[in-house]
Amino acid sequence: MSLSLNSLIAVWSFFFGSVIASFLNVVIWRVPRGESIVRPPSHCPRCGARIKWYQNIPIFSWLALGGRCANCREKISPRYIAIETLGGFLFMFAWLRFGLDAPFLWVWIALMIVGSAIDFDHKLLPDFVTIGGMIYGLFLSLAIPLLFGQAPWTSLLWCVVGSLSGLGIMWLTRTLGTLAFKREAMGMGDVLLMGAVGSISGWDGVLFALIVSSFLGSIGGVVAMLLSRKLSRHFEIPYGPYICLANLIHIFFGQEIVAWYLGMLK
Ligand SMILES: [Zn+2]
């Protein structure tokens, strides 16, 4: 593919990713509150003013309005523009790295963005992200090998083994953790999320996510405790975002990191 066409699609992927992420912002806000994601149309939560289409352009509108409602000047969380920018970059990176396979990854990226943000806000992972991710992995294992002329059954087996290893290892960790700490060590949502990671990235993806997420989670937990100045053993941090971050690192850089690590061992 010519370089200019490649860059053109990269720019388009960024724009497309930010548009999708703009919709994901609506999902993240409304779904945990039991609201419809289609009606009513986007409005300011304070004054109820409708957000007009030209005020709803990802990234640009937030900047143009200085992060405030055009009607009542209520502050709009910078997280909106952060998620739109993140979505844009992830969709673009997926294109640059995986080319025509990128759209398959975009779906999983979108699910992970929604799951992470909802877990962050409400300490829960919706089933459509976790169980949905597992089903999506099964779908990919059957659809993609057919696209590439591989045997679907080996691919399906790989997917099922990955999913079960993710579920199994997290269920075991949860059970042992609950026994050791005499309270729920992690939510069932985290167990199901790791099942989805296994379904999409296989058992090695599970292993990678397990190691890297506990490392990142420890750092994140300490930072969160220091920021909130609540030094409590019962401090609750969402684990889902770390699993997703670890899985993204694995998808984009896993091969390089594993090769580097194995090279270091020699
Ligand atoms: Zn307003």
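Comments concerning the overall build of the protein chain
- A tally of helices and strands in the protein chain yields eight helices and zero strands.
- Put simply, the protein chain runs from its N terminus to its C terminus through helices and strands in the order α-α-α-α-α-α-α-α.
- Expected size for 266 residues packed as a compact globule is a radius of gyration near 18 Å; at 20 Å, the protein chain falls within 12% of this value.
- Principal-axis analysis of the C-alpha atoms gives the protein chain an extent of 60 × 55 × 35 Å.
- Of the contacts formed within the protein chain by residues at least 6 apart in sequence, a portion of 66% connects residues at least 24 apart.

Some details on unusual backbone geometry
- Cis geometry marks the peptide bond from Arg 39 to Pro 40; its omega dihedral reads -5 degrees.
- Backbone geometry at Lys 123 places phi at a positive 55 degrees, although glycine is not the residue there.
- Among the secondary structure elements, Lys 123 is positioned in the loop between helix H4 (102-122) and helix H5 (127-147).
- Exposure remark for Lys 123: the 14 C-beta atoms within 10 Å place this residue in the partly exposed category.
- Located in the positive-phi region is Lys 182, a residue other than glycine, with phi close to 60 degrees.
- For Lys 182, the location among the structural elements is in the loop between helix H6 (152-181) and helix H7 (188-228).

Some words on the domain arrangement of the protein chain
- According to the domain assignment, the protein chain consists of domain 1 (1-99) and domain 2 (123-266).
- One C-alpha centre belongs to domain 1, the other to domain 2; they are set 26 Å apart.

Notes on the nonpolar core
- Ala 94, Ile 109, Ile 113, Val 114, Met 194 and Ile 243 are the most contacted members of the largest nonpolar core, which totals 53 residues.
- Those elements that place two or more of their residues in this core are helix H1 (3-30), helix H3 (79-98), H4, H5, H6, H7 and helix H8 (240-265).
- Sorting elements by how many residues they give to this core places H4 first, with 12 residues.
- Each of domain 1 (1-99) and domain 2 (123-266) gives at least three residues to this core.

Section: H1
- Between its first and last C-alpha, H1 extends 41 Å over 28 residues, near the 40 Å set by a 1.5 Å rise per residue.
- Every buried residue belonging to H1 is among Ser 13, Phe 14, Gly 17, Ser 18, Ile 20, Ala 21, Ser 22, Leu 24, Asn 25 and Ile 28, and all of these are buried.
- Against H3 and H4 lie the buried residues of H1.

Observations regarding the packing of H1 against H4
- Two elements in contact, H1 and H4, have axes whose closest approach is 10 Å; the angle formed by their N-to-C orientations is 35 degrees. H1 and H4 meet at a crossing whose hand is right-handed. Note on element contacts: H4 touches H1 through Ala 102, Ala 110, Ile 113, Val 114, Ala 117 and Ile 118, opposite Ser 13, Ile 20, Ala 21, Leu 24, Val 27 and Ile 28.
- Each residue belonging to the contact of H1 with H4 can be placed in one class, and the counts come to 11 nonpolar, one polar and no charged.

A word on the packing of H1 against H3
- Contact pair H1 / H3: the axes reach a minimum separation of 7 Å and the direction vectors enclose 140 degrees. Put simply, H1 runs oblique to H3. The handedness of the crossing between H1 and H3 comes out as right-handed.
- Looking at the contact of H1 with H3, its residues break down into 17 nonpolar, eight polar and one charged.

Topic: H7
- End to end, H7 covers just 26 Å across 41 residues, shorter than the expected 60 Å (1.5 Å per residue, more than 12% under).
- Along its length, H7 reaches its greatest deviation from straightness, about 130 degrees, at Ser 201.

Observations regarding the environment of Gly 205
- Of note, Gly 205 is situated in helix H7.
- Discounting residues that sit within four places of it in the chain, Gly 205 has contacts with Gly 162, Val 197, Gly 198, Asn 247 and His 250.

Structural notes on the environment of Trp 203
- Inspection of the secondary structure puts Trp 203 in helix H7.
- Taking the number of C-beta atoms within 10 Å as the measure of exposure, Trp 203 has 17 and is therefore partly exposed.
- The spatial distance from the C-alpha of Trp 203 to the C-alpha of Cys 159 is 8.3 Å, given a sequence separation of 44 residues.

What counts and what doesn't
- Residues numbered from 1 in each chain as written.
- Predicted model: local features only at pLDDT ≥ 70, side-chain atom pairs only at ≥ 80, totals over all residues.
- Helix = DSSP H or I, 4+ residues; strand = E, 2+ residues; numbered from the N terminus.
- Rg over C-alpha atoms; globule rule 2.2 N^0.38 Å.
- Contact = placed C-beta atoms within 7 Å.
- Buried ≥ 20, exposed ≤ 12 C-beta atoms within 10 Å, placed from the backbone.
- Domains from an automatic or database assignment.
- Core = buried A, V, L, I, M, F, W, Y, C linked by C-beta atoms within 7 Å.
- Expected span 1.5 Å × (residues − 1).
- Axes fitted to C-alpha atoms, helices over the stretch in contact; angles between N-to-C directions.
- Left-handed = near helix turned anticlockwise from the far one by under 90°.
- Nonpolar A, V, L, I, M, F, W, Y, C, P; charged D, E, K, R; others polar.
- Parallel < 35°, antiparallel > 145°, perpendicular 65-115°, else oblique.
- Bend = angle between axes of the 7 residues up to and from the residue.

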